[in-house]
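Tertiary structure, described
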Amino acid sequence: MAAAPATSVQGTARTSSLIAIIADEDTVTGFLLAGVGNVDLRRKTNYLIVDSKTPVKAIEDAFKEFTTRDDIAVLLISQYIANMIRFLIDSYKKPLPAILEIPSKDHPYDPTHDSILSRVKHMFSSDPAGPIGRG
């Protein structure tokens, strides 16, 4: 007996949940070696390798594609690349796929630039009881 496809928060049926990644070659290679990579029947991948020659338009297009695909549940993006398309990241409001900014080998993580972390901090700071007062 086959299991029914999982239903996401948005109400669309998902047959699988992939992780997509937009990052430098070393970071993408590490995730591919960990088994994150996927190529579908149309030869579309779930990753974009960004180097100094990659145009910002290609990064924008990959972000838009990955955030509209039904089979992607999480999008990992190197923070320095996210800074190149910060306007798209900041305007993205959907719960799925979740966007997570990650460090890369040459660019350490800076929490002051992470818009998702800023939203979470804002949610908790607007709560008068705060996380400590709830217990």
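The preceding data block contains the structure.
Keep in mind the model is a prediction, meaning the values are calculated, not measured.

Conventions we followed
Residues numbered from 1 in each chain as written. Predicted model: local features only at pLDDT ≥ 70, side-chain atom pairs only at ≥ 80, totals over all residues. Heavy atoms only, no water. Helix = DSSP H or I, 4+ residues; strand = E, 2+ residues; numbered from the N terminus. Expected span 1.5 Å × (residues − 1). Buried < 20%, exposed > 50% of the residue type's maximum accessible area, 1.4 Å probe, protein only. Arc of directions from axis to C-beta. Contact = heavy atoms within 4.5 Å. Pairing = 2+ DSSP bridges. Axes fitted to C-alpha atoms, helices over the stretch in contact; angles between N-to-C directions.

Describing helix α2 (residues 56-68)
Under the 1.5 Å per step criterion, the end-to-end length of α2 is 18 Å for 13 residues, consistent within 8% with the ideal 18 Å. Listed in full, the buried residues belonging to α2 are I59, E60, A62, F63, F66 and T67. Viewed along the axis of α2, the buried residues span an arc of 165 degrees, placing them on a single side of the element. The exposed residues of α2 that point more than 90 degrees off its buried face are K57 and T68. Residues of α2 that are buried make contact with β3 (18-23), β4 (47-49), β5 (72-78), α3 (79-82), α4 (86-91) and β6 (98-102).

Quick notes on the sheet that holds β4
Across the sheet, which stays open at both edges, the four strands sit in the order β4-β3-β5-β6 with parallel pairing between neighbours. The open sheet has two edge strands with one neighbour each: β4 and β6. Each strand of the sheet is rotated relative to its neighbour by a mean of 20 degrees, with strand direction disregarded. Sheet analysis places β5 next to β6, joined by five bridges and oriented parallel. Residue pairing for β6: L76 is matched across the bridge by L100.

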